[in-house]
Amino acid sequence: MLQAAPWRRKSYQCLYSTRKTSTFNGMTELSEDVVPESSLQVPGPSEEHIQRFNPIARSKRRRSQLPPSRYQFRPPRYYRGPLHPHQPPPPSSPASRLFVPGPFSLPRLEQTYHSTLAPDLLTLMYTHHPPGTLPGPSGPRLRSWDGSSPYHKNRPLRAPRGSPVLPLLRRPITFKNIPRLEKIHVHSFLKDAGVDMQYLHVAGMVLQAITNARAKVFKAKHSIANFHLRKGNPCAVVEVVMPRIKEYKGVSGRSGDSSGDIGWGFSPEIVGAFPEVEINYDAYPPRMIPGIDIVCCTTATNDKDARLLLSSMGVPFYGKHIN
Amino acid sequence: MSLSIPLRRASPPNPSIPRIQCRHATLIRRPKRPYTFTQLVTLSDGSTYTQRTTSPAPVYKSTKDTRNTPLWNPSSQKLLNMESDDSGKLRAFRDKFGRGWDASRMQERDEDVDREEGEAEVEGRGEMEEDNLMDLISGYGQEAEEKGEAAGSRKAKERSGKGKGGER
């Protein structure tokens, strides 16, 4: 600070002198248009001010503490756009209004995953290539045109056979990319909610009870869908709820979006059998308990790996497995 | 004439609200989190674990779960033979007529003649199960090799004395 101040004053003088010379050179009309004042030309703090500036001494001179608001950072209550000078801190910061503390517990499923499931999955999915050998070249993902027509020239490559969508690549599984459960969507579509809002509230309460998180409402064009997202585990679902279903075969082997997300549905009767709902069953109007869809999003890039992961967690699958 | 009369508003316009569209401030809402309790879940086989849940019950004791459902325990003979009496009809019958008509009792009566043999069989079954398990652990890779003689090969060896009697 002390060193910078003289330099700033010198530069100011220098700028001032150049402006003077420019007027001599016949550039008056330009300099009239241009506003001469600039924040850069403001003189720095005076020598006396610098001598006086001593925050440590000032704080020591203070008898009592400052009010708490001077010590504590309070994030803005409103977000006023990216150009506003007062920006809210990121949600990961404890000062942020969006901050969610936690996790405070290590769920049993997570412990089991790290101690048992992950090494087993790695063993099952790992493909070993002896040192010095390379895996064979994989085929082209996009087909080329056969050139039977002159119009085939300069065309972009053809989409894969069967569907226009390119499937995700399956990278070799190593200790770094063992498939894991990323998140679970619990979703409930309520077609009666357009008529009676009660359905929406009941479904929100049921989903909150099941998932420990507040549900979000998404409005469709003609009816209302309730949607909910959670980062969590299906421990209770697999351990307690699934066995209670009568004549339960498991999750269909055809389930999945061919990129590692596998979902299934539960009817209202089964939702009523969740222990969290069951303990307070009288609080929900029995007709309004919704059926729910559960989608397990995994980091696996194909359904086969995702199914292996989920079945290692205890989800049974039946029928032909389609990947 | 009616057009010249200005339309009355329900409430006077708030002068502080600007009329021109602009970038308003968005309220940053605090995320809502339901209260969660710590619950001790006791499964049917007695194993326990704790979980955070919205259910206020401190202990949850499950009667039917993965530990006693045949779908999750396909190899368990005990679960396969378990009768389902959800409506209570079987119990009502037994209250009325006693347990003499049970399938297991009837079988016992039949097998009462050669009970000793039956006991021996039960013992043998236990040994067989153990052997199967050992085979699974040790000889998983050589399944194709020892096809057909996987079960009971060890027992055969034991029976043959010091292993010099024969291959089988």
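See above for the structure.
Residues numbered from 1 in each chain as written. Chains lettered and ligands numbered in written order. Predicted model: local features only at pLDDT ≥ 70, side-chain atom pairs only at ≥ 80, totals over all residues. Heavy atoms only, no water.

Tallying secondary structure elements over chain A gives 11 helices and 8 strands in all. Counting all 323 residues of chain A, 31% fall into the buried class. Across chain A, contacts joining residues at least 24 apart in sequence account for 64% of those joining residues at least 6 apart. When the accessible surface of chain A is split by element, carbon and sulfur atoms take 57% of a total near 22,500 Å². (Helix = DSSP H or I, 4+ residues; strand = E, 2+ residues; numbered from the N terminus. Buried < 20%, exposed > 50% of the residue type's maximum accessible area, 1.4 Å probe, protein only. Contact = heavy atoms within 4.5 Å. Areas by Shrake-Rupley, 256 points an atom, 1.4 Å probe, with all protein chains shown as cover.)

Attention now goes to the overall build of chain B. On a plain count of helices and strands, chain B comes out with 5 helices and 4 strands. Starting at the N terminus and ending at the C terminus, chain B contains elements arranged as β-β-β-β-α-α-α-α-α. Buried positions account for 16% of the 168 residues belonging to chain B. Once local pairs closer than 6 in sequence are excluded, the contacts in chain B between residues at least 24 apart make up 6%. Element-wise, carbon and sulfur atoms account for 52% of the exposed surface of chain B, whose accessible area totals about 14,700 Å².

For the rest of this paragraph, the subject is the packing of aromatic side chains. Within a pair of aromatic rings, the relevant descriptors are the distance that separates the centres and the angle that separates the planes. Residue and element names in this part refer to chain A. Scanning the model with the defined rule gives 4 aromatic pairs over all chains in all. Ring centres 6.5 Å apart and planes at 70° place the aromatic pair Trp264 and Phe266 in the edge-to-face group. Of the two residues, Trp264 and Phe266, both sit in the buried class. An aromatic cluster is defined as three or more aromatic residues linked by ring pairs; in this entry it consists of Trp264, Phe266 and Phe274. Looking at Arg155, its charged tip hangs above the ring of Trp145, at a distance of 4.7 Å from the centre. The residue whose ring lies beneath Arg307 is Phe317, and the NZ or CZ to ring-centre distance is 5.7 Å. (Phe/Tyr/Trp six-rings, centres within 6.5 Å; stacked < 30°, edge-to-face > 60°. Lys NZ or Arg CZ within 6 Å of the ring centre and 35° of its normal.)

Right, let's get into helix H7 (residues 197-211) of chain A. Residue and element names in this part refer to chain A. Relative to the 21 Å expected for 15 residues at 1.5 Å per residue, H7 spans 21 Å between its end C-alpha atoms, a close match to the ideal helical length. Listed as buried for H7 are Leu200, Val202, Ala203, Gly204, Val206, Leu207, Gln208, Ala209, Ile210 and Thr211. The distance from a side-chain oxygen at the start of H7 to the backbone nitrogen of Gln198 is 3.1 Å, and the residue carrying that oxygen is Asp196. Taken from the residues just after H7, Asn212 is the one with a positive phi, measuring 60°. (Expected span 1.5 Å × (residues − 1). Polar contact = N/O pair within 3.5 Å; in protein donor to acceptor, adjacent residues only side chain to side chain.)

This part is about the interface of chain A and chain B. If you look at the interface, chain A gives 38 residues, while chain B gives 31 residues. Together, the buried faces of chain A and chain B total about 2,900 Å²; carbon and sulfur atoms form 60% of this surface. On inspection of chain A and its partner chain B, the count reaches 7 residue pairs in polar contact (both at pLDDT 80 or more). Taken together, the elements giving at least two residues each to the side of chain A that touches chain B come down to strand S1 (78-79), H7, helix H8 (235-241) and helix H10 (275-278) of chain A. No other element matches the 5 residues that H8(A) contributes to the side of chain A that touches chain B. (Buried area = accessible area lost by both parts, 1.4 Å probe.)

With that settled, consider the sheet that holds strand S3 (residues 48-53) of chain B. Residues and elements named next belong to chain B. Here we have 3 strands laid out as an open sheet, ordered S3-S2-S4, and mixed in their pairing. Looking at which strands have only one partner, the edges of the open sheet turn out to be S3 and strand S4 (59-61). In this sheet, neighbouring strand axes are inclined to one another by 30° on average, regardless of whether the strands run parallel or antiparallel. Where strand S2 (residues 37-42) and S3 come together, 6 bridges link them in antiparallel fashion. Bridged to Gln39 within S3 is Gln51. (Pairing = 2+ DSSP bridges. Axes fitted to C-alpha atoms, helices over the stretch in contact; angles between N-to-C directions.)

Here we take up the nonpolar core. Counting residues in each nonpolar core, the largest one holds 44 residues, and the members touching the most others are A:Trp264, A:Phe266, A:Ile292 and A:Leu310. At the level of secondary structure, the elements contributing two or more residues to this core comprise helix H6 (108-125), strand S2 (181-190), H7, H8, strand S6 (261-266), helix H9 (268-272), strand S7 (292-298) and helix H11 (303-312) of chain A. Top element by residues in this core is H6(A). It accounts for 6 residues. Membership of the second largest hydrophobic core comes to 5 residues, among which are A:Val240, B:Val41, B:Tyr49 and B:Tyr60. (Core = buried A, V, L, I, M, F, W, Y, C linked by side-chain atoms within 4.5 Å.)

Let's shift gears to the pattern of salt bridges. Applying the stated criterion to the full structure yields 2 salt bridges over all chains. Between A:Asp305 and A:Arg170 there is a salt bridge, and its shortest N-O distance comes to 2.9 Å. Here A:Asp305, found in helix H11, pairs with A:Arg170, found in the loop between H6 and S2; they are 135 residues apart in sequence, far enough to count as distant. Residue classification places A:Asp305 among the buried positions, given a relative accessible area of 5%. Across the salt bridge formed by B:Arg67 and B:Asp45, the nearest N and O atoms sit 3.1 Å from each other. (Salt bridge = Lys/Arg side-chain N within 4 Å of Asp/Glu carboxyl O.)

Our next topic: the environment of A:Asp146. Residue and element names in this part refer to chain A. Within the secondary structure layout, Asp146 lies in the loop between H6 and S2. Only 3.3 Å separates the side chain of Asp146 from the side chain of Ser148, close enough to count as a polar contact. One polar contact links Asp146 to His152, side chain to side chain, over a distance of 3.2 Å.

Our focus in this paragraph is a nonpolar patch on the surface. Side chains of B:Phe93, B:Phe97, B:Trp101 and B:Met106 sit close together on the surface and give an oily, nonpolar patch of about 440 Å² of accessible area. The residue B:Phe93 is located in helix H2 (residues 89-97) in this model. (Patch = residues over 30% accessible without salt bridge, like charges linked within 9 Å, V, L, I, M, F, W, Y side chains within 5 Å.)

Moving on, we get to unusual backbone geometry. Residues and elements named next belong to chain A. In this structure, the amide linkage connecting Gly102 to the following residue, Pro103, adopts the cis form with an omega of 5°. Note on placement: Pro103 falls in the loop between S1 and H6. In this model, Asn212 sits at a positive phi of 60°, which is unusual for a non-glycine residue.

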